[in-house]
Amino acid sequence: MHAITISEPGGPENLTWTEVPDPVPGEGEVLVEVVASAVNRADIMQRQGHYDPPPGAPAYPGLECSGRIAALGPGVSGWAVGDEVCALLSGGGYAQKVVVPAGQLLPVPEGIDLKQAAALPEVACTVWSNVFMLAHLRPGELLLVHGGSSGIGTMAIQLAKAIGARVAVTAGTKEKLDFCAELGADILINYRDQDFVAEIERATDGKGADVILDNMGAKYLGRNVETLAVNGRLMIIGMQGGTKGELNIGLLLGKRGAVSATSLRARPLSEKAAIVAAVREHVWPLIASGVVRPVVDREVPMTDAAEGHRVVEDSGHIGKVLLVAP
């Protein structure tokens, strides 16, 4: 088979379509013939040499895919060769075939195109595990989503609105904010010329945000804590703004707030399987009914994964950028 390999850490030009050995499913695993994958920030960090795959994961980038089951490993039940699926991966999605633990498979939701299903696993699992399983967002509460027009942001808006929460978003252009409003966002903040701390304070009469989903890390840490409501929960899922920040413990204590930082990729298989099962139970019916939908900006040939990375790095997209396998 062929896969995208990283010739050396660096720019998108180091992503090359290369012949590699075919993977073989082991105990509890399935082999998926990949139809599409999607570009995530973690893939870019891996390409740059900042985010190695966990032990045992394929060396190729790609944290999600869609496709058809080609073979079952020993001990797998509930799935059959030919089933159309999408999957959460530890790596290896930028390839013609990938081996997946059976607990990380999801059926393609009713009404969703097989290619577009590749846009769902990472965002659905990230948002559901952080905003709902950990932060316990409730109806009537306010969720602040940084990067509201991203793949994760567009999923977070839709899921929060589906349970009756209010949503505030930050984004960098009017076009992106307008799209967030179409998805249901209530409070729109252009981070280029507005201070989200002041805007949330004004919009909530000083109460603040009950839950914050943050992809920036250090750069926003202090301001996020300022923005939290009493008993607020800050969920940090990225570090686009750096890794080291200053935390005002006194302010956090006064708000009885919580700060959590999570990632999906290196979690034990049992934890990933539990998240995937929860997504299948709670999120998939919303997608099948049309209440929630994947947001895809464009499709790029997987052989030109470098172009997909450039699009995401330039931040000119809304939602996900798919890589379509040949």
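For the structure, see preceding data.
How each quantity is defined
Residues numbered from 1 in each chain as written. Predicted model: local features only at pLDDT ≥ 70, side-chain atom pairs only at ≥ 80, totals over all residues. Heavy atoms only, no water. Helix = DSSP H or I, 4+ residues; strand = E, 2+ residues; numbered from the N terminus. Rg over C-alpha atoms; globule rule 2.2 N^0.38 Å. Buried < 20%, exposed > 50% of the residue type's maximum accessible area, 1.4 Å probe, protein only. Contact = heavy atoms within 4.5 Å. Lys, Arg positive; Asp, Glu negative; His and termini not counted. Charge placed at Lys NZ, Arg CZ, Asp CG, Glu CD. Core = buried A, V, L, I, M, F, W, Y, C linked by side-chain atoms within 4.5 Å. Domains from an automatic or database assignment. Polar contact = N/O pair within 3.5 Å; in protein donor to acceptor, adjacent residues only side chain to side chain. Pairing = 2+ DSSP bridges. Axes fitted to C-alpha atoms, helices over the stretch in contact; angles between N-to-C directions. Parallel < 35°, antiparallel > 145°, perpendicular 65-115°, else oblique. Left-handed = near helix turned anticlockwise from the far one by under 90°. Nonpolar A, V, L, I, M, F, W, Y, C, P; charged D, E, K, R; others polar. Salt bridge = Lys/Arg side-chain N within 4 Å of Asp/Glu carboxyl O.

Some words on the overall build of the protein
Consideration 1: From N to C terminus, the protein includes 10 helices and 15 strands.
Consideration 2: A compact globule built from 326 residues would reach a C-alpha radius of gyration of about 20 Å, and the protein, at 19 Å, matches this within 12%.
Consideration 3: Projected onto its principal axes, the C-alpha coordinates of the protein cover approximately 60 × 40 × 35 Å.
Consideration 4: Sorting the 326 residues of the protein into buried and exposed places 53% on the buried side.
Consideration 5: Considering only contacts within the protein whose residues lie at least 6 apart along the sequence, 68% involve residues at least 24 apart.
Consideration 6: Distance between charge centres in the protein, computed from 27 positive and 37 negative side chains, equals 5 Å.

Notes on the nonpolar core
Consideration 1: Judged by nonpolar contacts, the single largest core of 53 residues is most densely connected at Leu 137, Leu 143, Leu 159, Val 169, Val 279, Val 283 and Trp 284.
Consideration 2: Here this core gets seven residues from one element, more than from any other, and that element is helix H2 (residues 121-134).
Consideration 3: Both domains that meet at this core, namely domain 1 (2-122 + 267-324) and domain 2 (135-261), each give it at least three residues.
Consideration 4: The contacts of Leu 159, once residues within four sequence positions are left out, are Val 127, Trp 128, Phe 132, Val 283, Leu 286 and Val 292.
Consideration 5: If you look at the next biggest cluster of nonpolar residues, it comprises 27 residues, including Val 30, Val 34, Tyr 94 and Ala 305.

Here's the deal with the side chain of Asn 224
Consideration 1: By the element assignment, Asn 224 lies in helix H6 (residues 218-227).
Consideration 2: At 3.4 Å, the side chain of Asn 224 and the side chain of Asp 214 are in polar contact.
Consideration 3: If sequence neighbours within four positions are ignored, Asn 224 has contacts with His 146, Phe 196, Ile 212, Asp 214 and Leu 234.

Side note on the side chain of Glu 199
Consideration 1: Mapping Glu 199 onto the fold places it in helix H5 (residues 196-203).
Consideration 2: Judged by relative accessible area, Glu 199 falls into the buried class, the value being 17%.
Consideration 3: Apart from the residues lying within four places of it in its own chain, the contact partners of Glu 199 are Ile 189 and Gln 194.

Some words on the sheet that holds strand S8 (residues 142-146)
Consideration 1: Spatially, S10-S9-S8-S11-S12-S13 is the arrangement adopted by the six strands of the open sheet, whose pairing is parallel. Taken across any chain shown, the strands that pair with only one partner, and hence form the sheet edges, are strand S10 (187-190) and strand S13 (258-261). Going from strand to strand, the sheet's axes swing by 15 degrees on average, the running direction of each strand aside.
Consideration 2: Across three bridges, the pairing between S8 and strand S11 (residues 209-214) is parallel. Note on S11: the bridge partner recorded for Leu 143 is Val 211.
Consideration 3: The strands touched by H6 within the sheet are S8, S11 and strand S12 (228-236), with S12 carrying the most contacts at an inclination of about 150 degrees.

Side note on unusual backbone geometry
Consideration 1: In this model, Asp 205 sits at a positive phi of 55 degrees, which is unusual for a non-glycine residue.
Consideration 2: By the element assignment, Asp 205 lies in the loop between H5 and S11.

Regarding the packing of H2 against helix H3 (residues 151-162)
Consideration 1: Two elements in contact, H2 and H3, have axes separated by 9 Å at closest approach and are oriented at 55 degrees. By the criterion of interaxial angle, the relationship of H2 to H3 is oblique. Judged by the twist between their axes, the crossing of H2 over H3 is right-handed. Side by side, H2 and H3 meet where Val 123, Ala 124, Thr 126, Val 127, Trp 128 and Phe 132 of the first sit next to Gly 151, Ile 152, Met 155, Ala 156, Leu 159 and Ala 160 of the second.
Consideration 2: Here the contact of H2 with H3 is built from residues that sort into 10 nonpolar, two polar and no charged.

Points about the pattern of salt bridges
Consideration 1: The full count for this structure, using the stated rule, is 15 salt bridges.
Consideration 2: When the shortest N-O distance is used, the salt bridge between Arg 47 and Glu 313 registers 2.9 Å. With Arg 47 in helix H1 (residues 41-47) and Glu 313 in helix H10 (residues 305-314), the pair connects residues that are 266 residues apart, well separated along the chain.
Consideration 3: With relative accessibility at 2%, the residue Arg 47 sits in the buried group.
Consideration 4: Judged by relative accessible area, Glu 313 falls into the partly exposed class, the value being 30%.
Consideration 5: Measuring nitrogen to oxygen at the nearest pair gives 3.1 Å for the salt bridge that ties Asp 195 to Arg 223. Linking Asp 195 in the loop between S10 and H5 with Arg 223 in helix H6, this pair joins segments that are 28 residues apart in sequence.
Consideration 6: Look at Arg 223 and you get partly exposed, because its relative accessible area is 28%.

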